[in-house]
Amino acid sequence: MYSQDSISGRRRGRPEPTAETLAGLACLVCGADFRSAPDVDAVVVSHRDDKQLLACRGICARMVSGSATGLDETPLPLAERVRRHGADGS
């Protein structure tokens, strides 16, 4: 288990999310690309600009949301997230 100081320090030192992260295509914490690892169980952990921010279920989700299962919300399907990311011109 991570200490509260460790979690807080990680949050402060984290750079701004990438376009892929904001589109729900990569984990908010570890950066795992959900397009290349579609079997990774992604969970919604936050929202930004009306978009779902996702993290890997477990430690990554716990570091962001305080819960290993994230928010009680189903992520958009990967194909829809990829389509929206392409439509944004990113």
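Residues numbered from 1 in each chain as written. Predicted model: local features only at pLDDT ≥ 70, side-chain atom pairs only at ≥ 80, totals over all residues. Heavy atoms only, no water.

What to know about the pairing of strand β1 (residues 42-48)
A regular strand places its side chains so that they alternate between the two faces of the sheet.
Next, step 1: Judged from the six bridges that link them, β1 and strand β2 (residues 51-56) form a sheet pairing that is antiparallel. By the bridge assignment for β2, valine 44 is matched with leucine 54.
Next, step 2: Once β1 ends, the chain turns through two residues before running back antiparallel as β2, passing aspartate 49 with a positive phi of about 50°. (Pairing = 2+ DSSP bridges. Helix = DSSP H or I, 4+ residues; strand = E, 2+ residues; numbered from the N terminus.)

Comments concerning the side chain of glutamine 52
Next, step 1: With respect to the helices and strands, glutamine 52 occurs in strand β2.
Next, step 2: Within the structure, the side chain of glutamine 52 is placed 3.2 Å from the backbone oxygen of threonine 74, a separation counted as a polar contact.
Next, step 3: Within the local environment of glutamine 52, its side chain forms a polar contact with the backbone nitrogen of leucine 76, the two atoms lying 2.9 Å apart.
Next, step 4: Beyond its immediate stretch of four places on either side in the chain, glutamine 52 contacts Leu22, Gly24, Val44, Ser46, His47, Glu73, Thr74, Pro75 and Leu76. (Polar contact = N/O pair within 3.5 Å; in protein donor to acceptor, adjacent residues only side chain to side chain. Contact = heavy atoms within 4.5 Å.)

Concerning the pattern of salt bridges
Side chains bearing opposite charge may pair, as long as their charged atoms lie close to each other.
Next, step 1: Applying the stated rule across the entire model yields four salt bridges.
Next, step 2: Note that aspartate 33 is salt-bridged to arginine 35, the shortest N-O span being 3.0 Å.
Next, step 3: The class for aspartate 33 is partly exposed, based on a relative accessible area of 27%.
Next, step 4: Through salt bridges with shared partners, one network takes in Glu80, Arg83 and Arg84. (Salt bridge = Lys/Arg side-chain N within 4 Å of Asp/Glu carboxyl O. Buried < 20%, exposed > 50% of the residue type's maximum accessible area, 1.4 Å probe, protein only.)

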